[in-house]
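The lines below spell out each chain.
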Amino acid sequence: MLLASGYDYGNARLRARRPDLLSAAVIEEMLELDLDGIAGALSTTAYRGSLERVTVRSQGAARIHDAVRFHLAGTLDATRRMYEEEARQLVELALTDTDLHNALVLLRAHVHGGDREAAVAHLVPLGNITDALAREVLRQPELAAAVQLLVRWRLPDPETARVLHAAWPVYEVDEDLAHLEHALCAATAARVIEGARAAGPDGLELLRAAGRDADERNLVVALRAQAGSATEPAFLPQTSLDLESLSRAAVTPGRAAAVAVLASVARDPWLRPLERYAAGGDLTELELELERHRLVDTVARFDRGDPLGFGIPLAWITATTLEARNLRLVAERAERGMSPDLIRPLLIFADRST
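As the structure is a prediction and not an experimental result, all values here were calculated from the model.

S.K.: What should I look at first to understand the layout of surface pockets in this one?
M.R.: Unfilled space is identified by rolling a water-sized probe across the atoms. One number sums up the size of the second largest pocket: a volume of about 370 Å³. Taken together, 23 residues line the second largest pocket, and the ones lying closest to its centre are Arg18, Val299, Phe349, Ala350 and Asp351. The set of elements that each furnish at least two residues to the lining of the second largest pocket consists of helix 2 (24-30), helix 17 (283-299), helix 18 (301-304) and helix 19 (311-336). By residue number, the principal contributor to the lining of the second largest pocket is helix 19, which donates 4 residues. A per-class count over the lining of the second largest pocket returns 13 nonpolar, 4 polar and 6 charged.

S.K.: Can you walk me through empty space enclosed by the protein in this structure?
M.R.: This model, assessed by the stated rule, comprises 2 cavities of 30 Å³ or more. Every residue along the wall of the largest cavity is listed here: Arg17, Asp20, Leu21, Ala46, Tyr47, His71, Thr75, Trp316, Thr320 and Glu323. Examining the composition of the lining of the largest cavity, we find that 3 residues originate from one element, helix 19, more than from any other. Looking at side-chain class alone, the lining of the largest cavity contains 4 nonpolar, 3 polar and 3 charged residues. Lining the second largest cavity we find Ala103, Leu107, Leu150, Leu155, Pro156, Thr160, Leu164 and Leu184. Of all the secondary structure elements, the ones that give two or more residues to the lining of the second largest cavity are helix 7 (96-112) and helix 11 (158-174).

S.K.: Would you explain the packing of aromatic side chains in this entry?
M.R.: How two aromatic rings sit relative to each other is given by the distance of their centres and the angle of their planes. For the structure shown, the criterion picks out 3 aromatic pairs. Taken together, a centroid distance of 5.0 Å and an interplanar angle of 25° make the contact between Trp168 and Tyr171 stacked. With Trp168 and Tyr171 both in helix 11 and 3 residues apart, this pair spans about one turn of that helix. Comparing Trp168 with Tyr171 shows no difference in burial state: the two are buried. Taken together, Tyr7, Tyr83 and Phe310 form an aromatic cluster joined through their ring pairs. Sitting over the face of the ring of Phe70, Arg69 holds its NZ or CZ atom 4.7 Å from the ring centroid.

S.K.: Where do I start with the packing of helix 7 against helix 12 (residues 177-198) in this structure?
M.R.: In helix packing, the relevant descriptors are the interaxial angle and the interaxial distance, both defined with respect to the helix axes. Direction vectors running N to C along helix 7 and helix 12 enclose 175°, while the axes themselves pass 11 Å from each other. The orientation of helix 7 with respect to helix 12, classified from their angle, is roughly antiparallel. Of helix 12, the residues touching helix 7 (which contributes Thr96, Asp97, Leu100, Leu104, Leu107, Arg108, Val111 and His112) are Leu177, Leu180, Glu181, Leu184, Cys185, Thr188, Arg191 and Val192. In terms of residue class, the contact of helix 7 with helix 12 is made up of 9 nonpolar, 3 polar and 4 charged.

S.K.: Any chance you could explain unusual backbone geometry here in plain terms?
M.R.: Note that the residue after Leu155, namely Pro156, is joined by a cis bond; omega there is 0°. Checked against the element boundaries, Pro156 lands in the loop between helix 10 (143-152) and helix 11. Phi angles above zero are rare outside glycine, and Glu85 is one such case at about 55°. Within the secondary structure, Glu85 is located in helix 6 (residues 85-94). A positive phi angle is found at Glu175, which is not glycine, with a value near 50°. Looking at where Glu175 falls in the secondary structure, it is placed in the loop between helix 11 and helix 12.

Basis of the calculations
Residues numbered from 1 in each chain as written. Predicted model: local features only at pLDDT ≥ 70, side-chain atom pairs only at ≥ 80, totals over all residues. Heavy atoms only, no water. 1 Å grid on protein atoms, 1.4 Å probe; cavity = no way out; pocket = protein on both sides within 12 Å on 5 of 7 lines; lining within 4 Å. Points joined across faces, edges and corners; volume = space filled by probe spheres on them. Helix = DSSP H or I, 4+ residues; strand = E, 2+ residues; numbered from the N terminus. Nonpolar A, V, L, I, M, F, W, Y, C, P; charged D, E, K, R; others polar. Phe/Tyr/Trp six-rings, centres within 6.5 Å; stacked < 30°, edge-to-face > 60°. Buried < 20%, exposed > 50% of the residue type's maximum accessible area, 1.4 Å probe, protein only. Lys NZ or Arg CZ within 6 Å of the ring centre and 35° of its normal. Axes fitted to C-alpha atoms, helices over the stretch in contact; angles between N-to-C directions. Parallel < 35°, antiparallel > 145°, perpendicular 65-115°, else oblique. Contact = heavy atoms within 4.5 Å.

Pasting the structure below:
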(Lines give C-alpha, C1' and ligand atoms only; values in the text may rest on other atoms or scores of the structure.)
Protein backbone atom coordinates (compact mmCIF):
# COMPACT_ATOMS: atom_id res chain seq x y z
CA MET A 1 0.00 0.00 0.00
CA LEU A 2 1.23 3.47 -0.92
CA LEU A 3 2.12 5.91 1.82
CA ALA A 4 0.43 9.30 1.77
CA SER A 5 3.74 10.84 0.68
CA GLY A 6 3.23 9.16 -2.70
CA TYR A 7 0.49 11.66 -3.47
CA ASP A 8 0.95 14.72 -1.29
CA TYR A 9 3.24 16.70 -3.63
CA GLY A 10 1.36 15.96 -6.85
CA ASN A 11 -2.06 16.40 -5.27
CA ALA A 12 -1.08 19.77 -3.82
CA ARG A 13 0.11 20.88 -7.27
CA LEU A 14 -3.12 19.79 -8.94
CA ARG A 15 -5.33 21.48 -6.36
CA ALA A 16 -3.35 24.68 -6.92
CA ARG A 17 -3.92 24.38 -10.69
CA ARG A 18 -7.62 23.67 -10.41
CA PRO A 19 -8.57 27.38 -10.86
CA ASP A 20 -6.97 27.21 -14.34
CA LEU A 21 -9.83 25.01 -15.52
CA LEU A 22 -12.35 26.91 -17.65
CA SER A 23 -15.73 27.39 -16.02
CA ALA A 24 -19.03 26.46 -17.62
CA ALA A 25 -19.83 30.17 -18.00
CA VAL A 26 -16.61 30.86 -19.92
CA ILE A 27 -17.15 27.96 -22.34
CA GLU A 28 -20.80 28.89 -22.88
CA GLU A 29 -19.71 32.42 -23.81
CA MET A 30 -17.37 30.93 -26.42
CA LEU A 31 -20.31 29.00 -27.83
CA GLU A 32 -21.62 32.30 -29.20
CA LEU A 33 -18.30 33.36 -30.82
CA ASP A 34 -16.75 32.81 -34.23
CA LEU A 35 -13.37 31.08 -34.59
CA ASP A 36 -11.36 34.29 -34.20
CA GLY A 37 -13.38 35.17 -31.13
CA ILE A 38 -12.76 31.74 -29.61
CA ALA A 39 -9.02 32.06 -30.24
CA GLY A 40 -9.04 35.50 -28.68
CA ALA A 41 -10.88 34.26 -25.60
CA LEU A 42 -8.50 31.30 -25.20
CA SER A 43 -5.47 33.58 -25.52
CA THR A 44 -6.33 35.06 -22.12
CA THR A 45 -6.29 31.62 -20.45
CA ALA A 46 -3.81 28.81 -19.85
CA TYR A 47 -4.20 27.96 -23.57
CA ARG A 48 -2.19 31.01 -24.64
CA GLY A 49 1.11 29.15 -25.00
CA SER A 50 -0.45 26.38 -27.07
CA LEU A 51 -2.16 28.91 -29.34
CA GLU A 52 1.13 30.70 -29.94
CA ARG A 53 2.77 27.37 -30.74
CA VAL A 54 0.31 26.50 -33.54
CA THR A 55 -0.38 29.97 -34.97
CA VAL A 56 2.24 29.69 -37.75
CA ARG A 57 1.03 26.36 -39.14
CA SER A 58 -2.67 26.27 -38.28
CA GLN A 59 -5.58 28.50 -39.18
CA GLY A 60 -9.31 28.55 -38.52
CA ALA A 61 -10.78 25.57 -36.69
CA ALA A 62 -7.50 23.64 -37.07
CA ARG A 63 -5.80 26.28 -34.94
CA ILE A 64 -8.27 25.72 -32.12
CA HIS A 65 -8.14 21.93 -32.38
CA ASP A 66 -4.33 21.89 -32.41
CA ALA A 67 -4.08 24.28 -29.47
CA VAL A 68 -6.55 22.17 -27.48
CA ARG A 69 -4.84 18.86 -28.17
CA PHE A 70 -1.34 20.19 -27.47
CA HIS A 71 -2.56 21.81 -24.25
CA LEU A 72 -4.24 18.58 -23.18
CA ALA A 73 -1.18 16.47 -23.96
CA GLY A 74 1.11 18.86 -22.09
CA THR A 75 -1.21 18.96 -19.10
CA LEU A 76 -1.53 15.18 -18.88
CA ASP A 77 2.20 14.64 -19.33
CA ALA A 78 2.94 17.17 -16.58
CA THR A 79 0.45 15.35 -14.35
CA ARG A 80 2.24 12.06 -14.86
CA ARG A 81 5.60 13.62 -13.98
CA MET A 82 4.27 14.95 -10.67
CA TYR A 83 4.17 11.40 -9.27
CA GLU A 84 6.68 8.63 -8.74
CA GLU A 85 6.78 4.84 -8.44
CA GLU A 86 3.41 3.20 -7.69
CA ALA A 87 1.53 6.49 -7.83
CA ARG A 88 2.88 7.20 -11.32
CA GLN A 89 1.97 3.69 -12.42
CA LEU A 90 -1.65 4.34 -11.50
CA VAL A 91 -1.63 7.69 -13.29
CA GLU A 92 -0.22 6.03 -16.41
CA LEU A 93 -2.88 3.34 -16.15
CA ALA A 94 -5.54 6.05 -16.06
CA LEU A 95 -4.04 7.54 -19.23
CA THR A 96 -4.25 4.34 -21.31
CA ASP A 97 -7.53 5.55 -22.81
CA THR A 98 -5.51 8.22 -24.63
CA ASP A 99 -3.44 5.54 -26.39
CA LEU A 100 -6.62 3.67 -27.26
CA HIS A 101 -8.23 6.85 -28.59
CA ASN A 102 -5.25 7.54 -30.86
CA ALA A 103 -5.23 3.99 -32.26
CA LEU A 104 -8.96 4.12 -33.00
CA VAL A 105 -8.61 7.50 -34.73
CA LEU A 106 -6.02 6.04 -37.11
CA LEU A 107 -8.05 2.91 -37.88
CA ARG A 108 -11.26 4.86 -38.48
CA ALA A 109 -9.50 7.35 -40.74
CA HIS A 110 -8.40 4.49 -43.01
CA VAL A 111 -11.78 2.79 -43.09
CA HIS A 112 -13.97 5.86 -43.53
CA GLY A 113 -11.75 7.61 -46.06
CA GLY A 114 -11.83 11.35 -46.59
CA ASP A 115 -8.99 13.66 -45.64
CA ARG A 116 -6.68 11.46 -43.61
CA GLU A 117 -4.48 14.39 -42.68
CA ALA A 118 -7.48 15.89 -40.89
CA ALA A 119 -7.43 12.87 -38.57
CA VAL A 120 -4.18 14.12 -37.05
CA ALA A 121 -6.10 17.03 -35.52
CA HIS A 122 -8.08 14.51 -33.47
CA LEU A 123 -5.03 12.83 -31.95
CA VAL A 124 -3.70 13.63 -28.49
CA PRO A 125 0.10 13.83 -28.88
CA LEU A 126 0.77 11.93 -25.67
CA GLY A 127 2.41 8.54 -25.55
CA ASN A 128 4.12 6.69 -28.37
CA ILE A 129 1.95 7.79 -31.31
CA THR A 130 3.49 11.09 -32.35
CA ASP A 131 2.11 13.22 -35.17
CA ALA A 132 4.98 12.11 -37.41
CA LEU A 133 4.32 8.40 -36.80
CA ALA A 134 0.59 8.94 -37.20
CA ARG A 135 1.11 10.59 -40.59
CA GLU A 136 3.22 7.63 -41.72
CA VAL A 137 0.47 5.23 -40.69
CA LEU A 138 -2.15 7.37 -42.44
CA ARG A 139 0.04 7.53 -45.57
CA GLN A 140 -0.32 3.79 -46.15
CA PRO A 141 -2.56 2.99 -49.13
CA GLU A 142 -4.56 0.27 -47.37
CA LEU A 143 -5.71 -0.50 -43.84
CA ALA A 144 -3.76 -3.78 -43.86
CA ALA A 145 -0.49 -1.90 -44.39
CA ALA A 146 -1.38 0.61 -41.68
CA VAL A 147 -2.10 -2.21 -39.22
CA GLN A 148 1.19 -3.86 -40.16
CA LEU A 149 3.05 -0.69 -39.23
CA LEU A 150 1.23 -0.36 -35.91
CA VAL A 151 2.02 -3.98 -35.05
CA ARG A 152 5.65 -3.76 -36.21
CA TRP A 153 6.24 -0.52 -34.30
CA ARG A 154 4.32 -1.88 -31.29
CA LEU A 155 1.98 1.10 -31.25
CA PRO A 156 0.38 2.54 -29.28
CA ASP A 157 1.95 0.05 -26.83
CA PRO A 158 3.10 -3.58 -27.03
CA GLU A 159 -0.05 -5.03 -25.44
CA THR A 160 -2.45 -3.19 -27.75
CA ALA A 161 -0.30 -4.08 -30.76
CA ARG A 162 -0.53 -7.77 -29.81
CA VAL A 163 -4.32 -7.56 -29.54
CA LEU A 164 -4.51 -5.80 -32.91
CA HIS A 165 -2.32 -8.50 -34.47
CA ALA A 166 -4.52 -11.28 -33.03
CA ALA A 167 -7.80 -9.60 -34.08
CA TRP A 168 -6.73 -8.67 -37.61
CA PRO A 169 -7.39 -12.09 -39.25
CA VAL A 170 -11.02 -11.88 -38.11
CA TYR A 171 -11.36 -8.43 -39.66
CA GLU A 172 -9.96 -9.74 -42.95
CA VAL A 173 -12.89 -12.18 -43.01
CA ASP A 174 -15.81 -10.02 -41.87
CA GLU A 175 -14.43 -6.49 -42.53
CA ASP A 176 -16.38 -5.33 -39.48
CA LEU A 177 -14.52 -2.45 -37.87
CA ALA A 178 -16.79 -2.65 -34.82
CA HIS A 179 -15.42 -6.11 -34.00
CA LEU A 180 -11.84 -4.89 -34.36
CA GLU A 181 -12.52 -1.86 -32.17
CA HIS A 182 -14.22 -4.02 -29.55
CA ALA A 183 -11.16 -6.25 -29.26
CA LEU A 184 -8.98 -3.20 -28.55
CA CYS A 185 -11.49 -1.60 -26.16
CA ALA A 186 -12.04 -4.83 -24.24
CA ALA A 187 -8.31 -5.43 -23.85
CA THR A 188 -7.74 -1.87 -22.60
CA ALA A 189 -10.66 -2.03 -20.16
CA ALA A 190 -9.43 -5.36 -18.81
CA ARG A 191 -5.90 -4.03 -18.39
CA VAL A 192 -7.06 -0.97 -16.45
CA ILE A 193 -9.44 -2.92 -14.21
CA GLU A 194 -6.89 -5.66 -13.50
CA GLY A 195 -4.15 -3.10 -12.83
CA ALA A 196 -6.38 -1.14 -10.47
CA ARG A 197 -7.27 -4.32 -8.57
CA ALA A 198 -3.62 -5.30 -8.31
CA ALA A 199 -2.83 -1.90 -6.73
CA GLY A 200 -4.95 -2.79 -3.69
CA PRO A 201 -6.51 0.05 -1.67
CA ASP A 202 -4.65 2.67 -3.72
CA GLY A 203 -6.37 1.46 -6.87
CA LEU A 204 -9.93 1.58 -5.55
CA GLU A 205 -10.73 5.01 -7.02
CA LEU A 206 -9.57 3.95 -10.47
CA LEU A 207 -11.29 0.57 -10.14
CA ARG A 208 -14.62 2.23 -9.32
CA ALA A 209 -14.34 4.68 -12.21
CA ALA A 210 -13.19 2.13 -14.78
CA GLY A 211 -15.73 -0.44 -13.61
CA ARG A 212 -18.57 2.06 -13.84
CA ASP A 213 -17.46 3.14 -17.30
CA ALA A 214 -17.39 -0.48 -18.53
CA ASP A 215 -20.75 -1.26 -16.90
CA GLU A 216 -22.44 1.73 -18.52
CA ARG A 217 -21.03 0.88 -21.92
CA ASN A 218 -22.34 -2.67 -21.47
CA LEU A 219 -25.75 -1.39 -20.42
CA VAL A 220 -26.03 0.69 -23.60
CA VAL A 221 -24.81 -2.23 -25.74
CA ALA A 222 -27.51 -4.47 -24.26
CA LEU A 223 -30.25 -1.90 -24.90
CA ARG A 224 -28.97 -1.24 -28.42
CA ALA A 225 -29.16 -4.97 -29.14
CA GLN A 226 -32.65 -5.11 -27.66
CA ALA A 227 -33.71 -2.24 -29.93
CA GLY A 228 -32.46 -4.17 -32.95
CA SER A 229 -29.35 -2.10 -33.66
CA ALA A 230 -26.99 -4.98 -32.93
CA THR A 231 -27.53 -8.72 -33.35
CA GLU A 232 -24.60 -10.01 -31.32
CA PRO A 233 -23.87 -7.74 -28.34
CA ALA A 234 -20.20 -7.70 -27.42
CA PHE A 235 -19.63 -6.72 -23.80
CA LEU A 236 -16.58 -5.21 -22.12
CA PRO A 237 -15.09 -6.69 -18.97
CA GLN A 238 -17.21 -5.41 -16.10
CA THR A 239 -17.35 -5.43 -12.33
CA SER A 240 -21.00 -4.93 -11.42
CA LEU A 241 -23.49 -5.92 -14.10
CA ASP A 242 -23.37 -9.66 -14.61
CA LEU A 243 -23.29 -11.04 -18.14
CA GLU A 244 -26.44 -13.07 -17.57
CA SER A 245 -28.53 -9.96 -16.85
CA LEU A 246 -26.99 -8.08 -19.76
CA SER A 247 -27.59 -10.95 -22.18
CA ARG A 248 -31.16 -11.43 -20.95
CA ALA A 249 -31.97 -7.75 -21.36
CA ALA A 250 -30.56 -7.82 -24.90
CA VAL A 251 -33.14 -10.41 -26.01
CA THR A 252 -36.11 -9.40 -23.82
CA PRO A 253 -39.10 -8.29 -25.96
CA GLY A 254 -40.31 -4.80 -25.11
CA ARG A 255 -38.27 -1.83 -24.02
CA ALA A 256 -39.85 -1.53 -20.58
CA ALA A 257 -39.31 -5.22 -19.83
CA ALA A 258 -35.65 -5.03 -20.89
CA VAL A 259 -35.10 -1.97 -18.73
CA ALA A 260 -36.70 -3.78 -15.79
CA VAL A 261 -34.12 -6.56 -16.12
CA LEU A 262 -31.28 -4.03 -15.96
CA ALA A 263 -32.90 -1.92 -13.25
CA SER A 264 -32.88 -4.91 -10.91
CA VAL A 265 -29.07 -4.87 -10.90
CA ALA A 266 -28.47 -1.18 -11.71
CA ARG A 267 -26.51 1.39 -9.76
CA ASP A 268 -28.60 4.16 -8.18
CA PRO A 269 -27.48 6.90 -10.62
CA TRP A 270 -28.82 4.83 -13.53
CA LEU A 271 -32.38 4.39 -12.29
CA ARG A 272 -33.94 7.70 -13.34
CA PRO A 273 -32.20 7.80 -16.74
CA LEU A 274 -33.43 4.23 -17.32
CA GLU A 275 -36.96 5.23 -16.33
CA ARG A 276 -36.90 8.06 -18.86
CA TYR A 277 -35.64 5.72 -21.57
CA ALA A 278 -38.30 3.12 -20.73
CA ALA A 279 -40.97 5.83 -21.04
CA GLY A 280 -39.95 6.54 -24.62
CA GLY A 281 -36.61 8.29 -24.36
CA ASP A 282 -33.81 8.20 -26.89
CA LEU A 283 -30.91 5.76 -26.44
CA THR A 284 -28.35 8.39 -27.42
CA GLU A 285 -29.76 10.72 -24.77
CA LEU A 286 -29.57 7.92 -22.20
CA GLU A 287 -25.92 7.29 -23.07
CA LEU A 288 -25.07 10.98 -22.76
CA GLU A 289 -26.91 11.30 -19.44
CA LEU A 290 -25.09 8.31 -17.97
CA GLU A 291 -21.78 9.71 -19.18
CA ARG A 292 -22.56 13.14 -17.73
CA HIS A 293 -23.32 11.71 -14.28
CA ARG A 294 -20.20 9.53 -14.32
CA LEU A 295 -17.79 12.26 -15.38
CA VAL A 296 -19.18 14.87 -12.99
CA ASP A 297 -19.04 12.35 -10.14
CA THR A 298 -15.41 11.57 -10.97
CA VAL A 299 -14.40 15.23 -11.01
CA ALA A 300 -16.19 15.64 -7.68
CA ARG A 301 -13.42 13.51 -6.12
CA PHE A 302 -11.58 16.84 -5.86
CA ASP A 303 -13.92 17.69 -3.00
CA ARG A 304 -15.20 14.34 -1.77
CA GLY A 305 -12.15 12.12 -2.12
CA ASP A 306 -9.12 11.54 0.06
CA PRO A 307 -6.92 14.67 -0.34
CA LEU A 308 -3.88 12.36 -0.24
CA GLY A 309 -5.31 9.67 -2.47
CA PHE A 310 -5.61 8.81 -6.14
CA GLY A 311 -8.99 10.51 -6.45
CA ILE A 312 -7.27 13.88 -6.96
CA PRO A 313 -5.21 12.97 -10.08
CA LEU A 314 -8.16 10.99 -11.42
CA ALA A 315 -10.43 14.02 -11.00
CA TRP A 316 -7.87 16.27 -12.69
CA ILE A 317 -7.33 13.92 -15.66
CA THR A 318 -11.10 13.67 -16.13
CA ALA A 319 -11.67 17.42 -15.81
CA THR A 320 -8.94 18.40 -18.29
CA THR A 321 -10.04 15.76 -20.81
CA LEU A 322 -13.65 16.91 -20.48
CA GLU A 323 -12.63 20.53 -20.98
CA ALA A 324 -10.83 19.61 -24.21
CA ARG A 325 -13.91 17.79 -25.45
CA ASN A 326 -16.12 20.80 -24.77
CA LEU A 327 -13.73 23.14 -26.58
CA ARG A 328 -13.62 20.84 -29.60
CA LEU A 329 -17.41 20.94 -29.80
CA VAL A 330 -17.38 24.73 -29.49
CA ALA A 331 -14.85 25.00 -32.34
CA GLU A 332 -16.80 22.61 -34.59
CA ARG A 333 -19.97 24.64 -34.04
CA ALA A 334 -18.22 27.82 -35.12
CA GLU A 335 -16.58 26.13 -38.12
CA ARG A 336 -19.87 24.73 -39.42
CA GLY A 337 -21.99 27.72 -38.52
CA MET A 338 -24.33 25.60 -36.41
CA SER A 339 -26.79 26.96 -33.92
CA PRO A 340 -25.40 26.98 -30.36
CA ASP A 341 -28.65 25.32 -29.28
CA LEU A 342 -27.62 22.16 -31.17
CA ILE A 343 -24.30 21.87 -29.33
CA ARG A 344 -25.26 23.13 -25.86
CA PRO A 345 -26.93 19.82 -24.79
CA LEU A 346 -23.75 17.93 -25.68
CA LEU A 347 -21.52 19.96 -23.38
CA ILE A 348 -20.71 18.45 -20.00
CA PHE A 349 -19.59 20.80 -17.25
CA ALA A 350 -17.79 19.40 -14.24
CA ASP A 351 -18.46 22.53 -12.17
CA ARG A 352 -22.21 21.99 -12.36
CA SER A 353 -24.20 19.32 -10.58
CA THR A 354 -26.23 16.85 -12.65
